[in-house]
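Report on the structure
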Amino acid sequence: MNAVEKTQKLKAKALSLGFELSGATRAVPSPQYPDFLNWLSKGYAGEMGYLERRKEERGDPQKVLAGAQSIFCVALSYNPSAENYPLLEKHPISCYAWGQDYHKVLLEKLEALAAYWRELEPGVQMKSYVDTGPILEKNYAAAAGLGWIGKNTLLLNKKFGSFLFLGEIISSAELAYDETTDNLCKSCTACMDACPVDALEEAGVLNANKCISYLTLEHRSALPENTNLHGYLAGCDLCQTVCPYNANAPEGQEPSFQPRAEVLQLSNPSTVSMSPEVFKQFTQNSALERIKYPMWVRNSQSS
Ligand code: B12
Ligand code: SF4
Ligand code: SF4
């Protein structure tokens, strides 16, 4: 089977598994890698030591999979339903964590895709990642034509917006490669204007030290004095909620991302007082599992 036929089959399979978008790009160092190093050297990563520790691998897919030829990138929408959209204005938990843990949901689908690929091409070497792999996911997704990088630094698609989770399979196989898309942010600056803590230092450059998402999810030590989390306990949606491409995007179709009842009920951050046991249950099988209980208590005192 030639590369074009194979790539078409993989895209059809990805679609049947529920991925709204898929595309392929070459497994070569990302042209944005020097920008990533520059970002790290400015200290914009805060306490996210894992970005520094695995920075060599992020520069070259060969360091992740020797002999890698291609990266097959996918995106799955978690765009809230019209009914739940108003919650984005006031809910203390970012909508990326309203449903089940996206890592597990996407990895399961990627495994099914990899199994199908192995049938098409026995012997193909593959490595699948969702979020936690040492790879610049947004940059490769953009290179594979899934969308462009918006001024809020996220991968954005003209039809599906930016409430998208990304994943990829790095492989030893040649595929037919996609073209990049145009950047359609143009003169819009809605996300930069909406960020209440000015974390978007310039278009497409995020200083994590200031970012509410980082402070609530990744910053393990005490929050800097006078931190205002603007009502958030976990993550932040503000620079996506205002994006015009999200306003017109279709609702995500993945049933696992339907908001859990206990999340919908949680409305007022100042009244959030959960015992460690209830918190453990509340975060189980959710992306919130990453937050430790003392961080949750700390966040509720600053939101
Ligand atoms: C670290 C990380 C974070 C950090 C840093 C965010 C960031 N912008 O990178 C924090 C904790 C803040 C974070 C927050 C969120 N994250 Co996060 N995160 C990651 C992770 C693990 C690594 C990303 C990374 O390498 N960042 C490092 C910096 C350097 O990357 P960058 O911002 O793209 O930097 C570029 C610019 O700074 C630019 N640059 C540097 N200097 C200069 C100079 C000029 C002039 C210019 C123009 C550019 C430029 O070059 C850099 C490289 O391209 C990825 C998964 C992965 N493996 O890639 C998920 C990922 C990016 N996160 C994701 C999500 C969903 C979120 C949140 C929405 C969660 C939430 N609701 O709170 C928020 C969004 C906040 C935001 N506006 O970005 C998704 C994004 C999907 C998408 N549509 O793009 C990813 C891809 C996970 C996934 N698999 O789905 N995240
Ligand atoms: S996630 Fe929130 S704090 Fe971070 S850049 Fe976007 S709007 Fe600003
Ligand atoms: S809000 Fe405007 S500038 Fe920001 S990502 Fe969306 S289109 Fe681009």
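Below, the structure is looked at part by part.

The rules behind the values
- Residues numbered from 1 in each chain as written.
- Chains lettered and ligands numbered in written order.
- Predicted model: local features only at pLDDT ≥ 70, side-chain atom pairs only at ≥ 80, totals over all residues.
- Heavy atoms only, no water.
- 1 Å grid on protein atoms, 1.4 Å probe; cavity = no way out; pocket = protein on both sides within 12 Å on 5 of 7 lines; lining within 4 Å.
- Points joined across faces, edges and corners; volume = space filled by probe spheres on them.
- Nonpolar A, V, L, I, M, F, W, Y, C, P; charged D, E, K, R; others polar.
- Helix = DSSP H or I, 4+ residues; strand = E, 2+ residues; numbered from the N terminus.
- Pairing = 2+ DSSP bridges.
- Axes fitted to C-alpha atoms, helices over the stretch in contact; angles between N-to-C directions.
- Contact = heavy atoms within 4.5 Å.
- Near = heavy atom within 4 Å.
- Sits in = over half its atoms within 2 Å of the grid points.

1. Remarks on empty space enclosed by the protein
- For the coordinates displayed, the defined rule picks out 3 cavities of 30 Å³ or more.
- One number sums up the size of the largest cavity: a volume of about 150 Å³.
- The residue makeup of the lining of the largest cavity, split by class, is 8 nonpolar, 8 polar and 2 charged.
- Space inside the second largest cavity adds up to approximately 100 Å³.
- Lining the second largest cavity are Gly150, Lys151, Asn152, Leu156, Cys185, Cys188, Ala190, Cys191, Cys239, Cys243, Pro244 and Tyr245.
- Listed by contribution, the elements that provide at least two residues to the lining of the second largest cavity are helix H7 (190-194) and helix H10 (244-247).
- Here the lining of the second largest cavity is built from residues that sort into 9 nonpolar, 2 polar and 1 charged.

2. Comments concerning the sheet that holds strand S6 (residues 164-171)
- On the basis of which strands lie adjacent, the open sheet formed by 4 strands has the order S1-S2-S6-S3 and antiparallel pairing. Each edge of the sheet is formed by a strand with only one pairing partner; in this case those strands are strand S1 (21-26) and strand S3 (126-129). Averaged over all neighbouring strand pairs, the angle between strand axes comes to 20°, with direction disregarded.
- Inspection of the sheet shows S1 paired to strand S2 (residues 70-77) by 6 bridges, in the antiparallel sense. For Ser22, the partnering residue across the bridge sits in S2 and is Val74.
- In this fold helix H5 (residues 102-120) packs onto S2, S3 and S6, with an angle of close to 35° to the strand it touches most, S6.

3. Looking at the site of ligand 3
- Taken together, the residues surrounding ligand 3 are Gly150, Lys151, Asn152, Leu156, Cys185, Cys188, Ala190, Cys191, Cys243, Pro244 and Tyr245.
- One can see that ligand 3 is located within the second largest cavity.
- Those elements that provide at least two residues to the shell around ligand 3 are H7 and H10.
- Tallied by class, residues from the shell around ligand 3 come to 8 nonpolar, 2 polar and 1 charged.

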